[in-house]
Amino acid sequence: MKKPLLLIVIVCVFTSFSPKETIWVAIGDSITWLNEHADDTNKGMTKGYMTRVIEKLPDIRYINHGYNGWTSGDIAKDIDTLGFQKADVYSIFLGTNDWWQGRPAGELSDYKTNSPRNKTINDSYRIIINNLRRLNKNAKIILITPMQRVDFVSMGNMKNNAWGSYKEKNGQSLAQVADAIIAIGKYEHFDVVDLYNKSGMTLENLVKYKRLKNPQTGTYKNYPYPDFIGVPFNPETDEYPYPPEAIDMTYDGLHPSDKGFAIIADMLVNVMKKY
């Protein structure tokens, strides 16, 4: 009779010291989506930030809710059909597509007044966060600001390109979008991972150079930031401007390389290890 009792005690002790699994839902755009689509980057990156986080915090299980090309407005509009799960931790990493599509940040008052309009970024974040709180009112919510960006050129379709955050879009800077997200975080007492201001990923090191034709000679030249600003690029005739040798914190001016994803993951780990 003693052996079964001893076995029960051992099982109970082991169970009581087994770490509880933490469920993390990561909400975002293509930078989040890429975690499961590294093959689409032509070796521009191999591991996204979620994979890197759980390598250091193995008691976390993540669920990827990244949507390629989406804004916070898109997420808010379809919030009831996206199937977000109840989780212990939610992260929201949006804003760069809002900026490029010209969506205004709005005012913190939009967020405070619980606006259902979904016209501004503050509106959209209010709708998203309300939904997450309905799923789990006790969940931790982490806000991640957009990164700085230089000229983006898609590997798969060079006609899909955009200028960097050194220039406003529709009269709004990407820094204003980041500031709006930071303000929501402060108001709610959320942890904020401020990639825009505190990651060390800057306009100067997002790529080593952009390879473009010299307008005077017609020969290709490697232009570092900011020298490439204003140099013409023709997606129909020119070569892809970011060869592998140009990769630094991003591989295409916008999406992180392994170097960039490692920084994002480390900043998240510093927050999430407290949970």
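Above this text you will find the structure in question.
Residues numbered from 1 in each chain as written. Predicted model: local features only at pLDDT ≥ 70, side-chain atom pairs only at ≥ 80, totals over all residues. Heavy atoms only, no water.

If you had to explain the nonpolar core to someone new, which residues and values would you point to?
Counting 45 residues, the largest nonpolar core has Trp 24, Tyr 49, Leu 195, Ile 264, Leu 268 and Met 272 as the members making the most contacts within it. It is helix H10 (residues 258–272) that provides the largest number of residues to this core, a total of eight residues. Not counting residues up to four positions away in its chain, the partners in contact with Trp 24 are Tyr 49, Met 50, Val 53, Ile 60, Arg 61, Tyr 62, Ile 63, Val 89, Ser 91, Leu 268 and Met 272. Residues Ile 75, Ile 92, Leu 143 and Phe 190 belong to the second largest nonpolar core, which totals 34 residues. (Core = buried A, V, L, I, M, F, W, Y, C linked by side-chain atoms within 4.5 Å. Buried < 20%, exposed > 50% of the residue type's maximum accessible area, 1.4 Å probe, protein only. Helix = DSSP H or I, 4+ residues; strand = E, 2+ residues; numbered from the N terminus. Contact = heavy atoms within 4.5 Å.)

Which residues make up the packing of helix H7 (residues 121–135) against helix H8 (residues 174–188), and what are the values?
Running from N to C, H7 and H8 cross one another at 40°; their axes reach a closest spacing of 11 Å. By the criterion of interaxial angle, the relationship of H7 to H8 is oblique. Crossing angle aside, the handedness with which H7 passes H8 is right-handed. Residues Ile 121, Asn 122, Tyr 125, Arg 126, Ile 129 and Arg 133 of H7 lie in contact with H8, whose contacting residues are Val 177, Ala 180, Ile 181, Ile 184 and Glu 188. Looking at the contact of H7 with H8, its residues break down into seven nonpolar, one polar and three charged. (Axes fitted to C-alpha atoms, helices over the stretch in contact; angles between N-to-C directions. Parallel < 35°, antiparallel > 145°, perpendicular 65-115°, else oblique. Left-handed = near helix turned anticlockwise from the far one by under 90°. Nonpolar A, V, L, I, M, F, W, Y, C, P; charged D, E, K, R; others polar.)

Quick rundown of the sheet that holds strand S1 (residues 22–28)? Include the residues and the values.
Strands pair in a sheet through their backbones, by hydrogen bonds, and they do so in one of two ways: parallel or antiparallel. What the five strands build is an open sheet, ordered S2-S1-S3-S4-S7; its pairing is parallel. Two strands in the sheet have a free side with no partner beyond their single neighbour: strand S2 (60–66) and strand S7 (191–193). This sheet shows a mean twist of 20° between the axes of neighbouring strands, independent of strand direction. Two elements, strand S3 (residues 89–93) and strand S4 (residues 140–144), share five bridges in a ladder whose sense is parallel. Counterpart to Tyr 90 in the pairing with S4 is Ile 141. Along the sheet face, H7 touches S1, S3 and S4 and points at about 165° away from the line of S3. (Pairing = 2+ DSSP bridges.)

Let's hear about the layout of surface pockets: which residues, and what values?
Estimated volume of the largest pocket: approximately 430 Å³. Around the largest pocket, the lining comprises 22 residues; the ones closest to its centre are Asn 68, Phe 152, Ser 154, Asn 160 and His 255. Breaking the lining of the largest pocket down by element, the ones donating at least two residues are helix H2 (30–33), helix H5 (96–100) and strand S6 (161–162). Residue classes in the lining of the largest pocket are distributed as eight nonpolar, eleven polar and three charged. Of the voids in this model, the second largest pocket is the one considered here, and its volume is about 200 Å³. Asp 151, Asn 161, Lys 210, Val 231 and Phe 233 are, among the 14 residues lining the second largest pocket, the residues nearest its centre. Put simply, the parts of the chain that give the lining of the second largest pocket at least two residues each are strand S5 (152–153) and S6. Split into classes, the residues belonging to the lining of the second largest pocket amount to ten nonpolar, two polar and two charged. (1 Å grid on protein atoms, 1.4 Å probe; cavity = no way out; pocket = protein on both sides within 12 Å on 5 of 7 lines; lining within 4 Å. Points joined across faces, edges and corners; volume = space filled by probe spheres on them.)

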